[in-house]
Every structure is written in C-alpha cells, then in structure tokens.
Amino acid sequence: MAAVEAPNLLIGETTCNSLLQQLQRIWDEVGESDKERDKMLLQLEQECLDVYKRKVDLAAKSRAKLLQALANARVELTSLLAALGVMTFSGIPDKTSGTIKEQLSAIAPTLEQLWKQKDERIKEFSDVQSQIQKICGEIAGTTEHVGTPAVNESDLSLKKLEEFRAQLLELQKEKSDRLNKVLEFVSTVHDLCAVLGMDFFSTVTEVHPSLKDSSGVQSKSISNDTLSRLAKTVSSLQEEKQKRLCKLQELAKQLTDLWNLMDTSDEERRLFNHVTCNISVSVNEVNNPGALALDLIEQAEVEVQRLDQLKASRMKEISFKRQAELEEIYARAHVEIDTEAARGKILSLIDSGNVEPSQLLADMDNQIIKAKEVASSRKDILDKVEKWMSACEEESWLDDYMRDDNRYNASRGAHLNLKRAEKARILVNKIPALVETLVAKTRVWEDERGLAFTYDGVPLLAMLDEYAILRHEREEEKRKMRDQKKFHEQLNTEQEAIFGSKPSPARPLSTKKVMGLRANGANGTPGRRMSHAHQNLSRSINKDGKRDMRPVAPVNYVSLAKEDANSCISATEPLPSTP
C-alpha cells in the first residue's frame, strides 16, 4: 500500500482510492468505530452524488440554452423569410443533421444573409415612404420636418414595396396636377391685377411667399390651403373687377346725363373717353391694363361730383330731408331743438350761396352722425326713464284703487283689478331702486360730458328730485293717516269700554242706548268711518296737488246723547286730545 501511495504522491495525482486509503489509516490511528466509519462513508457517497447531479444539471441547462438558441434562430429564419415574402431559400440547412452546435453553425450564414437583405429592403421602403410623406406634407401644407417614416418590418415583401411605389406615382401625378392648377391661378391673378391696377407680387405673397416669380416652379406651395386661398383671391378679384366695372359704368352714365343736361362740349367729353368707352361692355371684355384702376375711377367720381355741384336746384329739398331725419332722431331721444331756426339757417345758407352744396350736405350728415351718437349714449337712461314712468302710472292707479272702498266687492272685473294691484305693488316696490340707478347713471353721463341730461327740455335729475319729494310727502301722509286711524280705533275702544261697561252712577244708561253704543263702537259701519277719513284727508290737498299737513279732527267718535255724554265724562277720566 505504501509502495503504491508513494508513486502517486510523487506524480502529484490524488485519486479517490488514495484518499480513501489515507482516510482509513487516519481512522485506524484514531480508533474510529465501524459505525462512525460507515456514517462518514455514506456522507462521502452522498456528497459525490450531489456533485454529479450539479454537473448533470449544468450540462442539461447548457443543452437547453443551445436548443433554445437553435429554436430562436429557426424562428428568426422563418420570420425573416415571411417578412421578405420569400417562400423558399436555397441556403437553409437540414434541421435534423449534426449536433446542436453544428446546426447553429450551419444556420448562422443564412441568417446573416437574410439580415443583410432585410436591411436593404428596409432602406428601399424608407426611401419610398419618405417621398410619399414629403408629397403628402406638401399637399397638407406642413413645411416642418416630421422625421424618418416608420417602416413596418413585419411586411417587407416586394408586393408591399410595389404598392408603396404605385402610391408614390399617384401622389407625384397629383402634385403635378396641383402645380399646374397653382400656376393657372397665379396667371389669372396676374391678369386681374393688371386690369385693376393692383400690385401682383404683394397680392400673391399674401397668399403664400413661394408664389412669387423669383421662386422655382417646384418650390411653389401646392397645399389645399394655398389652392383654397388662391381660388378665394381669384374670386375676390373677379368680384372687385365686376364691382369696379359697374361703378365705372354708373359713373359713365352719370357723366353722360350731366353732360347732356348742361350741354358740355365734345372737347371736355373726350377727356373721359376711357371711362365712357366701357359703358356697355361685359366684364370679360375688359382686359386692358389699368382699365379699372382706382385712380381712374376716382377721377370719374371727382368729375361727377364737380358737375353735380354745378346744379343745386334740389338742394333745399335734400337739405330739408336731412333736417327732418335729424329732427326725428332728436325727437326719439327726447332732446329739444329749435327746428324753425335750423330750417331758417339752411334756407339762408342756400340763398346766400356762401357755402358749397356738398359742404352743406356733409355738415348735415355729420350732424346726423353726432345725433345718432347722442341718442345711443342716452338709450340706456331713456329705457330706464320709460320703465320709471310706467311704474309711476301703475303707482297712481294703485293709489286710486286703494282709495276705493268697494274694491273688494264681488263686482264684475274685480278679480282682474286685484291681479293688477298685486303686479302693481311689485312694480311700485322696485321704484326706489330704479330711481336710484337712474340718478347714478344720469350723474355719470353728466360728469362724462359736462352737460345736463334733459328729458324734453326738463333736467332729468330735477324731475327725479321732485318725484322723490312728492313720494316722501305721500308716504308721510299715508303714515299719518295710519296713525290717525289707529288713534281713532283706540279711542273708540276706550270709549266703548268706558261707556259700555261703567255706566254713570248719576244717570244709568238704558239697555237700548248701551246696545246702540256697543253696536256703533264694535262694528258700526267701519267702511263709512274710513270713507269720512278719506274725505277729510282729500280736503287737506290743495289745488297745486300738495298735502296740507294740518291735523284733521277725527270723525269716528261714537254718537252719544248730550246729557249721557256729559254724565259719563263727569264720572270718568278726561279723553285724550286729538293729535
């Protein structure tokens, strides 16, 4: 055993057998029992088994990874073939021949070749889609760069590529058609601008800067917006051409009528032959440059105005019509003006000839404009004045209605008056707030303009102040009437208590008189007593409509016999004095 171990140690090799022999010698020297030796040997066997298992597991995992890599390579090969639209490929190796590593090595060149073909196909797709995207952007009018288009790598077949190329051809054709249409519009705009005497470059530049002649043909905008704006520009220029032609023809007719009316010489008429030559032509026949320029039309307008100013036979009629319009505006705005003086001034100006007819009409037009501005500034206040006056009318009606003692009688139409009274009370309750708002707005208006706001010649604030005073007086009268009525009722109650429950010891009242006293004091015609009170109150109003604040003697005392009253008064406390 020693002879065998020595060579192993010399060689430097350690085997399981040598280690086991060395372990047995150690156990012999130690004196280990057989049970412990068997236990340790069993542990060694288990540990060796675990090591083998780990190695087997690692080898199995390595094989699984290789199989997965091979499966992924085959899936990738299949997906590449499907994306490229290739049904068969000559470089595909046999799937079952050789080891796993050999199969991976065999499939790698094919994958590399397909990847290269896929990259080339993606580049072709990207180029075609970029051109499509560019033309679509030009059509949509988006000039900003949107980046490289996204290529669908799942479908890179030649069929799909041909579809994109066909789409590109259609877009290129549409671009060419649009470009021709743009050039046609630009040419039309150029001709119209020439006839109208307008600046062509500024006109097309407003549509799009690329439409100037200095720009290249291919760089011109072909977007939907550009085409739409070009179409609108052509339409507006054609409308302007038609409008100017109509205006020029109208001026030509006016010139002809004025010439015929005033026997103008042929020499003066020839100065405007360029205007009268178009008196009966159609809009398509006017193609001469500058034929409808604004300065030419302005010259014709100036000539018509000059000739028209020479005839002033209808100046009075026109002026009075303007003055009537002015008076109507002021009347609606409740502003008083001296109409007779204004008309007399117009007549004196026309008769004197110190003012040009056109200047007189222009001044009157300015007055009408200012009058409309004044009316507009007064409108809000006038609307509230109308509401206030309407509310005052309802207030007056409500006062008359409340003074009517028979208002609750079941007569015909009483329910309608009752409904109106309810609405009138609501409206009357809003009068203070309405007056306050009206005063505030009127003062703001006066402060802004430095003028007094008048209503048909009367200052509105004075009207409102007077109304406030009258309303206050009316409220005071109503309050005093209520106090007076309350006092009378209290006095009646006291007298009834005195004369009905405490008869005079000197001369007792008879049952008949007591019953009559109670009847008159408790429920003896209150309506008649209120009527007498209203009559006395109405007598306190003077002819000017103002209240007389002197006290009125109460009229609802209970009637007593003279001797009974004297006996009662002598036996009781003195009655309170009348307020």
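Along each chain, the written sequence defines residue order, and numbers are assigned to residues from 1. Restriction of local features to residues with pLDDT of at least 70 applies here, the model being predicted, together with a cutoff of 80 or more for giving and counting side-chain atom pairs; totals for whole chains, interfaces and linings are based on all residues. Based on all heavy atoms of the structure, the side-chain values leave hydrogens and waters out of the count.

1. What about the pattern of salt bridges?
Selection criterion: A side-chain nitrogen of Lys or Arg and a carboxyl oxygen of Asp or Glu constitute a salt bridge if their distance falls within 4 Å. What counts as a helix is a DSSP run of H or I of at least four residues, what counts as a strand is a run of E of at least two, and both are numbered from the N terminus. Burial classes follow relative accessibility: with a 1.4 Å probe on protein chains only, a residue under 20% of its type's maximum area counts as buried, one over 50% as exposed, and anything between as partly exposed.
If you walk through the whole model with that rule in mind, you get 23 salt bridges. A salt bridge links Glu327 to Arg343, with the nearest nitrogen and oxygen atoms 3.2 Å apart. Highlighted residues: Glu327 in helix α11 (residues 315-332) and Arg343 in helix α12 (residues 339-352), separated in sequence by 16 residues. Using a relative accessible area of 17% as the deciding quantity, one classes Glu327 as buried.

2. Some thoughts on the confidence of the model for the protein
Fine structural detail should not be taken from predicted coordinates in areas where pLDDT scores are low. Under the convention used in this document: By definition, pLDDT measures how confident the predictor is in each residue, and it falls between 0 and 100. It only takes one pair of heavy atoms within 4.5 Å for two residues to be counted as in contact.
Looking at the protein, the pLDDT average stands at 75 and 78% of residues meet or exceed 70. Mean pLDDT across the secondary structure elements of the protein bottoms out at helix α17 (residues 511-523), with 30, and peaks at strand β2 (residues 458-459), with 89. Per-residue pLDDT stays below 50 along residues 1-12; that stretch engages in 4 contacts with residues further than four places along the chain or on separate chains. This stretch, residues 501-579, has a pLDDT under 50; its non-local contacts, to residues over four places away or in other chains, come to 85 contacts.

3. Remarks on unusual backbone geometry
For His334, which is not a glycine, the phi torsion comes out positive at approximately 60 degrees. Positive phi values are uncommon outside glycine, yet Asp456 reaches one of about 55 degrees. With respect to the helices, strands and loops of the structure, Asp456 is situated in the loop between β1 (454-455) and β2. Look at Asp456 and you get partly exposed, because its relative accessible area is 36%.

4. Remarks on helix α15 (residues 431-449)
Convention followed: Expected helix span is taken as 1.5 Å per residue step, with the number of steps being one fewer than the number of residues.
For α15, with 19 residues, the first-to-last C-alpha span of 27 Å sits near the 27 Å given by 1.5 Å per residue. Residue Gly450 follows α15 closely and has a positive phi angle near 70 degrees.

5. Focus: the packing of aromatic side chains
Quick reminder of the rule: A pair of Phe, Tyr and Trp rings is counted when the ring centres sit within 6.5 Å of each other, with Trp represented by its six-membered ring. The angle between the planes then sorts it: under 30 degrees is stacked, over 60 is edge-to-face, the rest tilted. Over a ring means this: the NZ of a Lys or the CZ of an Arg is within 6 Å of the ring centre and within 35 degrees of the ring normal.
Across all of its chains, the model carries 5 aromatic pairs by this definition. Seen from their ring centres, Trp388 and Tyr467 are 5.4 Å apart, and the 85 degrees between their planes marks the pair as edge-to-face. With a gap of 79 residues between them, Trp388 in helix α13 (residues 357-403) and Tyr467 in helix α16 (residues 460-501) connect regions that are remote in the sequence. The pair formed by Trp388 and Tyr467 is uniform in burial state, with each residue classed as buried. Positioned above the aromatic ring of Phe453, the side-chain terminus of Arg378 is 4.0 Å from the ring centre. Over the face of the ring belonging to Trp397 we find Arg420, whose NZ or CZ atom lies 4.1 Å from the ring centre.

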